[in-house]
Amino acid sequence: MLVVVCVKQVPDTTQVQIDPVTNTLIREGVPFIVNPYDTHAVEEALRFKDRFGCRVAAISMGPPNAEATLRKALAQGVDRAVLLSDRSFGGADTLATSKVLAAAIEKLAKEEEVGVVICGKQTIDGDTAQVGPGIATRLNFSQLTLVDRVDELDLSGKKIRVSRKLEGRHEHVEAPLPVLLTVVRELNRPRYPTVAMRLESADAQVEVWDNKVLQLDVNGIGLKGSPTWVSRIFSPERAKGEMLGDGAHDPEGAAQLLIDKMLEKDLLAL
Amino acid sequence: MMPQTAIFTTLLVASLLFFCWSVYRRFSLLCYGQPEERLDQPARRLAEMFLYAFAQLRVLRKPFGLNHFVIFWSFMILALANGEFLVNGVFPSVSLALLPEGVHRALLLAFDAVSLLTLFAIAFSFIRRLVVKPPHLDSLYVKGRSPEAFLILSFIALLMLAYFGLHGSLIALGMEDPSAMPVSSLVGSWLSSHPDLIPALRNVSWWLHAFVLFAFICFLPHSKHMHILTAIPNCYFGALAWPATQPREKFEKGAVYGVGTVERFTWKDLFDSFTCTECGRCQAACPATITGKALNPRQIVHAIKTNLLENGDALREGRSGTLPLIGAEGEGTNTEDAIWSCTTCGACMEACPVLIEQMPKIVKMRRHLVETESRFPEELLNLFENMEQRSNPWGIAPGERAKWVSTLPVKPFVAGETEYLLYVGCAGSFDSRAKQVTVALATVLNAAGISWGILGKDEKCCGDSLRRLGNEYLFEKMALENVELFRQRGVTKVITLCPHCLTTLKNDYRQYGLELEVVHQSELIADLIRSGRIKLDKKDDSLGKIAYHDPCYLGRHNDIFEAPRTLVQAATGVAPVETERHGRNSFCCGAGGGRMWMEEFTGERVNHARVDELLAQKPDTICVACPYCMTMMEDGLKDKGAGQVRVRDVVEVLAEGLLRKNA
Ligand SMILES: Cc1cc2nc3c(=O)[nH]c(=O)nc-3n(C[C@H](O)[C@H](O)[C@H](O)COP(=O)(O)OP(=O)(O)OC[C@H]3O[C@@H](n4cnc5c(N)ncnc54)[C@H](O)[C@@H]3O)c2cc1C
Ligand code: SF4
Ligand code: SF4
């Protein structure tokens, strides 16, 4: 059985700024990282591999440099990595993205039965949490979102039991395979790649599939196939704060000033 | 051949054969260790061997070391007497009496006096072990009051007593000249009044002397007294580069990283373990041991020896041993907890009388855990990721590196235009308290008219914590990036704020072919004070009584003890007060070796122990010269409810003095 993990390369958001003029992200010089939730997805897939001996494939849709993200997954131990990259995939919204990812999973399934697909709960740049469910819908898989624990994966009985982390409560649910999970950070602690695996992954093959491979209708993917448009992105303005006193050398004085200020602004009651 | 000679010869040959076999069994195991170059610079090595093995400089650092010094030199001198005894036992016609009369008499006098001295020294050793009982003589598996320790002491005492018995009898029989042997002649004159005892005592003493020597020869290679054979060569093979920084690793497919099984250590690491005298000095100095952690540097060395002996047969058969080096319980193995408790402070290495290198062995085992097993305390995952992704331990956006500059005019470093690169380091760039130190340093440098600049956003972490934590792969990546950056920018002279940056740039990057002139801020400023470029006429006493804490990586690791004290003296007119453990013997703050980024679950906190010691001096201010020490001292003072005591970096003290002068 094959487990497929979807990983996305995202800009390191602590370092992202928004261009106030064009209202777009300034991507220049910003380092890319693996979407943090997706590292937990990879880890869970690898745990299935460790326990049941299933194979793991990681797929990512993105520009050619997203290969680094897949190489990291290879260093952690996935067996196969596929980069979905084509100019016609560019500018996709969540609908178009999930179409491409679903098509890739279907293609993988032709070689080996896909039992589980694992996605992150959401990305830290797009933040929509729609791609996972989008894929499940297109593939007609059961979907279990916000998984924080896998209680049982029963390969012969073809079912899975998980815990879902909801606001203020947990839900224990069971679903038949094939299934798509979206996972939260509490699920596991991602493994740190050993040096041997890093070195091996450096020369490992990352397959690149373009639309010649997937053969999707270009009007249904990428910018053309995206019904959603971004009208404006902006960071909420935050008024610059003011420095009060000298906390390092006169902490009491500074604390007094702070209290006075808060009283004055009616933020503290005596 | 006389029957006595025949029996003696047989026993001697048997003992020597057993000795050779035992020595061969043990020392042939060294061949399973990895290669390491320890034969270079023979002249320097001979000098080290003379200083530490023969002059026993380290041994003599502790008062009781004098006792060992006496025993050691007596042993050396008596080796001649015992040699003669053995040869004479086999060839009764050969003896030192064949030497010229004057030489022979001088030797006899020496043997006599030295034997008496040894008896006293052995008596002191008994008293020490039985009455004084210093706690560091005991470790988990080796006790100060073990049968082995007393057996060896008794052997030596018996040997001396037998010597006096034998020579006293010979004197009483008129066969030896009493005038050359004052102590033996006392025995002789007592025997003259008991003539019937003489033949029996002569015989008994002779055989006792013989049997003790044979027993000693047989027992030696199997006991901790093996150090008699290994200590001298171990001092010869000692590390010439101090501090002993970690060696590079070769990253290539199929290679093995770090030390996970005993034969992965180098032959010298294994030889170290055969050399340990179980003196316990390292354990008495180790901040981890003292505060109740699982780590005891002496036990690390002992575990290596035990593991090697235990797995020796397997190694000979080309297998790996069954006793794990890491992770099991009991003797001959190291717990992971112990391995992670080390602050790499170097106190153990500083204390060891026979130049054993405990700390690098711990880091080698960390390398195995991180690089091969990917097993380390949870907190470190974040650290490793932050370092890899954002080149700083906190994971703050690299773009914020130069934010401290906002209040000051600071130039970027440009080769040819600025003389020094100020390598601010991660703490100095991101930690809010350390940033104040950076500003103070910048003020002082400007006041002294130094030409300096920074790399700003382009500066990267030096990787110190990664290397000490055993993540050599990532360290190497960062080191190579930095070396490339420094070369590109034409950096040759560097000022660092932090002793960890100092040691990494100065001592570790050398392994990558980068030779920089790196100074710690305190060294540079102390020079400026000495040369009169910084003058402070008005002394400032507003900080009250100042106690100085030596950072391990500034002091012990880089020999900078005076400079930071000079800064305090210049600004306040008074030298800082010293704690009991200071200078070379200073006690770690608890943050080195990557411990800064780890939780401390067991025992007392290291920084609490250190703060207590500093508070005993009743200071108003504690001075440090390292941002990690700063954090540890401030936290420790808060925890101890001593928040009224301030913590200052030495450069802040000086900067405040300068401000006052200009005011
Ligand atoms: C109108 C519009 C225009 C956009 N234009 C651009 C653009 O021009 N360039 C651009 O880079 N982005 C663009 N985006 C953002 C991009 O479309 C989304 O980031 C993407 O569709 C995924 O959505 P998300 O990030 O919210 O993922 P979520 O739905 O939050 O992600 C959930 C999980 O799905 C998986 N996943 C998501 N995306 C991928 C992927 N690409 N590969 C593999 N797995 C994935 C991951 O496991 C992830 O954890 C645009 C978005 C919109 C709405
Ligand atoms: S380096 Fe310091 S903490 Fe580590 S074992 Fe030696 S003395 Fe103990
Ligand atoms: S390692 Fe050195 S200091 Fe420690 S017990 Fe052995 S000989 Fe003594």
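Residues numbered from 1 in each chain as written. Chains lettered and ligands numbered in written order. Predicted model: local features only at pLDDT ≥ 70, side-chain atom pairs only at ≥ 80, totals over all residues. Heavy atoms only, no water.

K.L.:
Can you help me understand the overall build of chain A in this one?
P.N.:
Across its full length, chain A carries 7 helices and 13 strands. In terms of overall dimensions, chain A has a C-alpha envelope of 70 × 45 × 40 Å along the principal axes. Counting over 270 residues, chain A shows a buried share of 46%. Partitioning the intrachain contacts of chain A with sequence separation of at least 6 by distance along the chain shows that 69% fall at a separation of at least 24. As displayed, chain A has an accessible area near 14400 Å², and 52% of this comes from carbon and sulfur atoms. (Helix = DSSP H or I, 4+ residues; strand = E, 2+ residues; numbered from the N terminus. Buried < 20%, exposed > 50% of the residue type's maximum accessible area, 1.4 Å probe, protein only. Contact = heavy atoms within 4.5 Å. Areas by Shrake-Rupley, 256 points an atom, 1.4 Å probe, with all protein chains shown as cover.)

K.L.:
It is not clear to me how the pattern of salt bridges should be interpreted in this structure. Could you clarify?
P.N.:
Two side chains carrying opposite charge are able to pair once their charged atoms lie near each other. Residues and elements named next belong to chain B. Counted under the stated rule, the structure contains 64 salt bridges over all chains. Between K493 and E419 there is a salt bridge, with its nearest N and O atoms 2.5 Å apart. Remark: E419 occurs in the loop between α16 (379-390) and β1 (420-423) and K493 occurs in strand β3 (residues 493-496); sequence separation between them is 74 residues. (Salt bridge = Lys/Arg side-chain N within 4 Å of Asp/Glu carboxyl O.)

K.L.:
Help me understand the nonpolar core in this model?
P.N.:
The tendency in soluble globular proteins is for nonpolar side chains to be buried side by side. Formed by 182 residues in total, the largest nonpolar core has its most connected members in W452, F486 and L654 of chain B. For this core, the element with the highest residue contribution is helix α5 (residues 147-172) of chain B, accounting for 12 residues. When residues no more than four places from it in sequence are discounted, the contact partners of W452 of chain B are W404, V410, K411, T418, Y420, L422, A442, L445 and N446 of chain B. V56, L74, A81 and V147 of chain A belong to the second largest nonpolar core, which has 34 residues in total. (Core = buried A, V, L, I, M, F, W, Y, C linked by side-chain atoms within 4.5 Å.)

K.L.:
Mind showing me how you'd approach unusual backbone geometry here?
P.N.:
Where the residue is not glycine, phi is negative for most of them; where a peptide bond is considered, it is trans in most cases. Residue P178 of chain A is reached from L177 of chain A by a cis peptide bond, and omega for that bond is -5°. Even without being a glycine, D266 of chain A presents a positive backbone phi close to 65°. Within the fold, D266 of chain A resides in the segment after α7 (251-264). The exposed category is assigned to D266 of chain A, whose relative accessible area is 67%. In the Ramachandran plot, S391 of chain B falls in the positive-phi region, its phi being about 55° despite a non-glycine side chain.

K.L.:
Help me understand the sheet that holds strand β12 (residues 179-183) of chain A, please; the structure alone is not making it clear to me.
P.N.:
Working definition: the strands of a sheet are paired by backbone hydrogen bonds and lie parallel or antiparallel to each other. Residue and element names in this part refer to chain A. Reading across the sheet, the 9 strands line up as β11-β10-β9-β12-β8-β1-β6-β7-β13 and stay open at both edges, with mixed pairing between neighbours. Looking along the sheet, the strands with just one partner apiece sit at the ends: β11 (169-176) and β13 (206-209). Taken over all neighbouring pairs, the strand axes of this sheet differ in orientation by 35° on average, direction set aside. Pairing of strand β10 (residues 159-166) with β11 involves 8 bridges; the strand directions are antiparallel. Of the residues in β11, the one forming a bridge with K159 is P176. Sheet strands touched by helix α1 (residues 36-52): β1 (2-6), β6 (55-61), β8 (114-120), β9 (142-154) and β12. Its angle to β8, the strand with the most contacts, is close to 150°. Strands β1, β8, β9 and β12 of the sheet are contacted by helix α4 (residues 131-139), whose axis makes an angle of about 180° with β12. (Pairing = 2+ DSSP bridges. Axes fitted to C-alpha atoms, helices over the stretch in contact; angles between N-to-C directions.)

K.L.:
Can you help me understand the confidence of the model for chain B in this one?
P.N.:
Note: predicted coordinates in regions of low pLDDT should not be interpreted at a detailed level. Averaged over all residues, the pLDDT of chain B is 94; the fraction at 70 or higher stands at 99%. Interface scoring of the predicted complex returns ipTM 0.85; its pTM is 0.90. (pLDDT = per-residue confidence, 0-100.)

K.L.:
For this particular structure, what's the right way to read the packing of aromatic side chains?
P.N.:
For any pair of aromatic rings, the description rests on two quantities: the centre-to-centre distance and the angle between the ring planes. Residues and elements named next belong to chain B. Tallying each qualifying case throughout the model produces 32 aromatic pairs over all chains. For the pair F155 and F219, a centre-to-centre distance of 6.5 Å together with 90° between the ring planes defines the contact as edge-to-face. Of the two residues, F155 is situated in helix α5 and F219 in helix α7 (residues 198-219); the sequence distance between them amounts to 64 residues. In this structure F155 comes out as buried when scored by relative accessible area, which is 13%. Judged by relative accessible area, F219 falls into the partly exposed class, the value being 24%. Of the aromatic side chains, those joined through ring pairs into one cluster are F8, F85, W206, W207, F211 and F214. (Phe/Tyr/Trp six-rings, centres within 6.5 Å; stacked < 30°, edge-to-face > 60°.)

K.L.:
Please clarify how the side chain of T94 of chain A should be interpreted in this entry.
P.N.:
Residue and element names in this part refer to chain A. With respect to the helices and strands, the residue T94 is situated in helix α3 (residues 94-111). Here the side chain of T94 touches Q130 through a polar contact of 2.7 Å, side chain to side chain. Not counting residues within four places of it along the chain, the set of residues in contact with T94 comprises T128, Q130 and V131. (Polar contact = N/O pair within 3.5 Å; in protein donor to acceptor, adjacent residues only side chain to side chain.)

K.L.:
Is there a simple way to think about the domain arrangement of chain B in this case?
P.N.:
Note: interface size is frequently given as the accessible area lost on complex formation between the parts. Residue and element names in this part refer to chain B. Structurally, chain B comprises domain 1 (3-236), domain 2 (262-372) and domain 3 (382-662). For domain 1 versus domain 2, the distance between C-alpha centres works out to 30 Å. Our enumeration of links across domain 1 and domain 2 arrives at 3 salt bridges. Where domain 1 packs against domain 2, one counts 24 residue pairs in polar contact (both at pLDDT 80 or more). Broken down by secondary-structure element, the contributors of at least two residues to the side of domain 1 that touches domain 2 are α1 (3-27), α2 (42-54) and α8 (227-236). Sorting elements by how many residues they give to the side of domain 1 that touches domain 2 places α8 first, with 6 residues. Grouping the amino acids of the side of domain 1 that touches domain 2 by side-chain chemistry returns 16 nonpolar, 9 polar and 10 charged. (Domains from an automatic or database assignment. Nonpolar A, V, L, I, M, F, W, Y, C, P; charged D, E, K, R; others polar.)

K.L.:
Quick question: what am I supposed to make of the pairing of strand β7 (residues 80-84) of chain A here?
P.N.:
The side chains of a regular strand alternate, residue by residue, between the two faces of the sheet. Residue and element names in this part refer to chain A. Extensive coverage of β7 is indicated by the burial of 5 of its 5 residues. Note that β6 and β7 share 5 bridges and pair parallel. Each bridged residue has a counterpart across the sheet, and for S60 the counterpart in β7 is L83. Crossover β6 to β7 through helix α2 (residues 67-76) is right-handed. (Right-handed = clockwise from strand over helix to strand, strands pointing away.)

K.L.:
Would you mind going over the interface of chain A and chain B with me for this structure?
P.N.:
Between chain A and chain B, the contact holds 18 residues from the first and 25 residues from the second. Carbon and sulfur atoms supply 55% of the area buried between chain A and chain B, which totals about 1900 Å² over both sides. Of all residues in chain A, R189, Y192 and V195 of chain A give up the largest surface area on contact with chain B, accounting jointly for 37% of the area buried on that side. Here chain A is connected to chain B by 4 salt bridges. (Buried area = accessible area lost by both parts, 1.4 Å probe.)

K.L.:
When you look at the domain arrangement of chain A in this model, what are you seeing that I'm missing?
P.N.:
Under the domain assignment used here, chain A contains domain 1 (2-220) and domain 2 (239-270). Between the C-alpha centres of domain 1 of chain A and domain 2 of chain A the distance comes to 47 Å.

K.L.:
Which parts of the structure should I look at to understand a nonpolar patch on the surface?
P.N.:
Where nonpolar side chains cluster on the molecular surface, the patch consists of F64, L116, F120, F124, I127, L130, V131 and V132 of chain B and spans about 730 Å² of accessible area. Counting through the fold element by element, F64 of chain B comes out in the loop between α2 and α3 (65-90). (Patch = residues over 30% accessible without salt bridge, like charges linked within 9 Å, V, L, I, M, F, W, Y side chains within 5 Å.)

K.L.:
Would you explain α7 of chain B in this entry?
P.N.:
Residues lying three or four places apart along an α-helix face the same way, a consequence of the helix completing one turn every 3.6 residues. With 22 residues, α7 of chain B extends 31 Å from end C-alpha to end C-alpha; this agrees with the ideal 32 Å at 1.5 Å per step. Along α7 of chain B, the residues that are buried comprise I198, S205, W206, H209, A210, V212, L213, F214, F216 and I217 of chain B. (Expected span 1.5 Å × (residues − 1).)

K.L.:
Sorry if this is basic, but what is going on with the environment of T372 of chain B here?
P.N.:
One can find T372 of chain B in helix α15 (residues 358-373). Here the alpha-carbon distance between T372 of chain B and L469 of chain B, two residues 97 residues apart in the chain, equals 13 Å. If sequence neighbours within four positions are ignored, T372 of chain B has contacts with T194 of chain A together with Y257 and R367 of chain B. A distance of 3.2 Å separates a polar atom in the side chain of T372 of chain B from the backbone oxygen of Y257 of chain B.

K.L.:
Looking at this structure, how should I read the packing of α5 of chain B against α7 of chain B?
P.N.:
Two packed helices can be described by the angle between their axes and the distance between those axes. All names here are of chain B. Between α5 and α7, whose axes approach to 8 Å, the crossing angle comes to 150°. Crossing handedness for the pair α5 and α7: left-handed. A breakdown of the residues in the contact of α5 with α7 according to their chemical character gives 20 nonpolar, 4 polar and 2 charged. (Left-handed = near helix turned anticlockwise from the far one by under 90°.)

K.L.:
Please explain the sheet that holds β3 of chain B as it appears in this structure.
P.N.:
Residue and element names in this part refer to chain B. Sheet architecture is open: 4 strands sit in the order β2-β1-β3-β4, paired in parallel fashion. Here the strands that pair on one side only, and so sit at the sheet edges, are β2 (452-453) and β4 (517-520). Where β3 and β4 come together, 4 bridges link them in parallel fashion. Within β4, the position partnered with I495 by the bridge is V519. Those strands touched by helix α21 (residues 499-508) are β1, β3 and β4, and its axis lies near 165° from that of β4.

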